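Structural characterization, general
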Amino acid sequence: EAGVAQSPRYKIIEKRQSVAFWCNPISGHATLYWYQQILGQGPKLLIQFQNNGVVDDSQLPKDRFSAERLKGVDSTLKIQPAKLEDSAVYLCASRVGLPPYEQYFGPGTRLTVT
Amino acid sequence: AQSVTQLDSQVPVFEEAPVELRCNYSSSVSVYLFWYVQYPNQGLQLLLKYLSGSTLVKGINGFEAEFNKSQTSFHLRKPSVHISDTAEYFCAVSDGGNEKLTFGTGTRLTIIP
């Protein structure tokens, strides 16, 4: 079974530029998550999708971050414009809709904003 | 609201020695508890999970954890560590209702040859 795929793996941009990350979850996984992991911290949930609908985006900085999952499969997370404090690893995870609710994580995208 | 505390940010251990990584949680409801491992430049991999039943949970790579409801703890243990265990370890809690994972700040385990 293929795992969660993410691209790119690394990205360096200047502040005020825009960037987009892509995630393809495990086939059949209805729930998809985007996390932000700042160096030295645990992952923090940004947004949760159930199929193509948003379940929780309470911690997504909506003035600059946006995410979509149009067909209920792959997803894109965008930052526009980027700030220095957005430097982090962005992790995508997915799970099936049944207990035990185990989340499977992708390798992440390391973003550096200069 | 739920939260997780990992008191030890770094734990150095000699190879083949035992190790315990501490995790305490707070939640007002019944919880699910998880330990994830993150190797350098990789995503998180599930080590083990507690959902219900036996309080001693065994996971991959020889790790185990014990759920202690009275002390609200879920400490991770391994009787003999190997160089390949060098990684960051994250404890996470989820209450069954919202299925949302809240992570601790992580413990960096360094194995000394």
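Let us look at the structure shown here. Throughout this description, residue numbers start from 1 for each chain and increase along the sequence as written. Chains and ligands are labelled sequentially in the order written, the chains with letters from A and the ligands with numbers from 1. With the structure being a predicted model, the display of local features is reserved for residues of pLDDT at least 70 and the display and counting of side-chain atom pairs for 80 or more, all residues being used for whole-chain, interface and lining totals. Values shown for side chains rest on all heavy atoms present in the structure; no hydrogens or waters enter the calculation.

1. A closer look at the sheet that holds strand 8 (residues 75-79) of chain A
Residues and elements named next belong to chain A. Using the following cut-off: Strand pairing is assigned whenever DSSP detects at least two bridges linking the two strands. In this text, helices come from DSSP runs of H or I with a minimum length of four residues, and strands from runs of E with a minimum of two, each type numbered from the N-terminal end. All axes are obtained by fitting lines to C-alpha atoms, using only the stretch in contact for helices, and the reported angles, taken between N-to-C directions, cover 0 to 180 degrees.
Read from one edge of the open sheet, 4 strands run 1-3-8-7, paired in antiparallel fashion. Strands at the two margins of the open sheet, each flanked by one partner only, are strand 1 (5-7) and strand 7 (65-68). The average angle at which neighbouring strand axes cross in this sheet is 15°, direction not considered. Direction of pairing for strand 7 relative to strand 8: antiparallel, over a ladder of 4 bridges. Across the sheet, the residue bridging to Ala-67 is Leu-77, located in strand 8.

2. Observations regarding the side chain of Glu88(B)
Residues and elements named next belong to chain B. We apply this condition: N or O atoms within 3.5 Å of each other form a polar contact, as long as, within protein, one can give a hydrogen and the other can take it, and as long as residues adjacent in sequence are counted only when both atoms are side-chain atoms. By definition, residues are in contact when any of their heavy atoms lie within 4.5 Å.
Assignment of secondary structure puts Glu-88 in strand 10 (residues 87-95). A polar contact is formed between the side chain of Glu-88 and the side chain of Arg-108, at a distance of 3.0 Å. When residues no more than four places from it in sequence are discounted, the contact partners of Glu-88 are Tyr-36, Val-37, Gln-38, Thr-105, Gly-106, Thr-107 and Arg-108.

3. As for the pairing of strand 8 of chain A
All names here are of chain A. Definition in use: The cut-offs for exposure are 20% and 50% of the maximum accessible area for each residue type, with area from a 1.4 Å probe on protein chains only; residues under the lower value are buried, those over the upper are exposed, and the others partly exposed.
Counting buried residues along strand 8, 4 of its 5 residues qualify, which places the element largely inside the surrounding structure. As paired elements, strand 3 (residues 19-24) and strand 8 share 5 bridges and run antiparallel to each other. Bridge pairing links Ala-20 to Lys-78 in strand 8. In sequence, strand 7 turns back onto strand 8 through a hairpin of 6 residues, with Gly-72 there showing a positive phi of about 75°.

4. Here we look at the pairing of strand 11 (residues 109-113) of chain A
Residues and elements named next belong to chain A. Judged by which residues are buried, strand 11 turns out to be one-sided: Thr-109, Leu-111 and Val-113 face inward and are buried, whereas Arg-110 and Thr-112, on the alternate face, are not. The pairing of strand 2 (residues 10-13) with strand 11 spans 4 bridges and is parallel. Counterpart to Ile-13 in the pairing with strand 11 is Val-113. The pairing of strand 9 (residues 88-95) with strand 11 spans 3 bridges and is antiparallel.

5. A few points about the packing of aromatic side chains
Defined as follows: Aromatic pairing here means that ring centres of Phe, Tyr or Trp (its six-membered ring) are within 6.5 Å. Orientation follows from the plane angle: under 30 degrees is stacked, over 60 is edge-to-face, and everything else is tilted.
Applying the stated criterion across every chain, the model contains 13 aromatic pairs over all chains. Consider the rings of Tyr25(B) and Phe67(B), whose centres lie 6.2 Å apart with planes at 25°: the pair is stacked. Of this pair, Tyr25(B) sits in strand 4 (residues 24-26) while Phe67(B) sits in strand 8 (residues 64-68); the two residues are 42 residues apart in sequence, bridging distant segments of the chain. With respect to burial, Tyr25(B) and Phe67(B) carry one shared label: buried. Of the aromatic side chains, those joined through ring pairs into one cluster are Tyr33(A), Tyr35(A), Phe105(A), Phe34(B), Tyr36(B), Phe90(B) and Phe103(B).

6. A closer look at the state of the cysteines
Residues and elements named next belong to chain A. Rule in force here: Throughout, a disulfide means two cysteine sulfur atoms within 2.5 Å of one another.
Taken as a whole and assessed by the stated rule, the structure comprises 2 disulfides over all chains. The disulfide partner of Cys-23 is Cys-92, and the S-S distance across this bridge is 1.9 Å. Measuring handedness by torsion sign, the sulfur bridge of Cys-23 and Cys-92 sits at about -70° and is left-handed. You can see Cys-23 sitting in strand 3 and its partner Cys-92 sitting in strand 9, a full 69 residues away along the chain. The class for Cys-92 is buried, based on a relative accessible area of 0%.

7. Comments concerning the pattern of salt bridges
Residues and elements named next belong to chain A. We count it as follows: In the sections that follow, a salt bridge refers to a side-chain nitrogen of Lys or Arg positioned within 4 Å of a carboxyl oxygen of Asp or Glu.
Inspection of every chain in the model, using the stated rule, returns 10 salt bridges over all chains. Here Asp-86 makes a salt bridge to Arg-64, at a shortest N to O gap of 2.5 Å. Of this pair, Asp-86 sits in the loop between strand 8 and strand 9 while Arg-64 is found in the loop between strand 6 (53-56) and strand 7, placing the two residues 22 residues apart along the sequence. By the burial criterion, Asp-86 is buried, and Arg-64 matches it.

8. Thoughts on the nonpolar core
Soluble globular proteins: nonpolar side chains tend toward being buried together. How we decide: Put simply, a nonpolar core is a bunch of buried Ala, Val, Leu, Ile, Met, Phe, Trp, Tyr and Cys residues held in one set by side-chain atoms that sit within 4.5 Å of each other.
Leu33(B), Trp35(B), Leu47(B), Leu48(B), Phe74(B), Leu76(B) and Tyr89(B) are the most contacted members of the largest nonpolar core, which totals 28 residues. Among the elements of the structure, strand 2 (10-14), strand 3 (19-21), strand 5 (31-38), strand 6 (44-50), strand 8, strand 9 (73-78), strand 10 and strand 12 (107-112) of chain B are those that each provide at least two residues to this core. Dropping the residues within four chain positions of it, Phe74(B) is found in contact with Cys23(B), Leu33(B), Phe34(B), Trp35(B), Leu48(B), Lys49(B), Tyr50(B), Ala65(B), Glu66(B) and Phe67(B). Of all hydrophobic cores here, the second largest spans 21 residues; its members include Ile13(A), Leu60(A), Ala88(A) and Tyr90(A).

9. Quick look at the interface of chain B and chain A
Inclusion rule: In this description, buried area is defined as the sum, over both parts, of the accessible area (probe of 1.4 Å) that is lost when the two are combined.
The interface of chain B with chain A comprises 18 residues on the first partner and 22 residues on the second. Buried surface at the junction of chain B and chain A, both sides included, amounts to about 1,600 Å², of which 53% is carbon and sulfur. Three residues stand out in chain B for area buried against chain A, namely Asn41(B), Glu99(B) and Lys100(B), and they jointly supply 31% of the buried area on that side. The interface formed by chain B and chain A includes 2 salt bridges.

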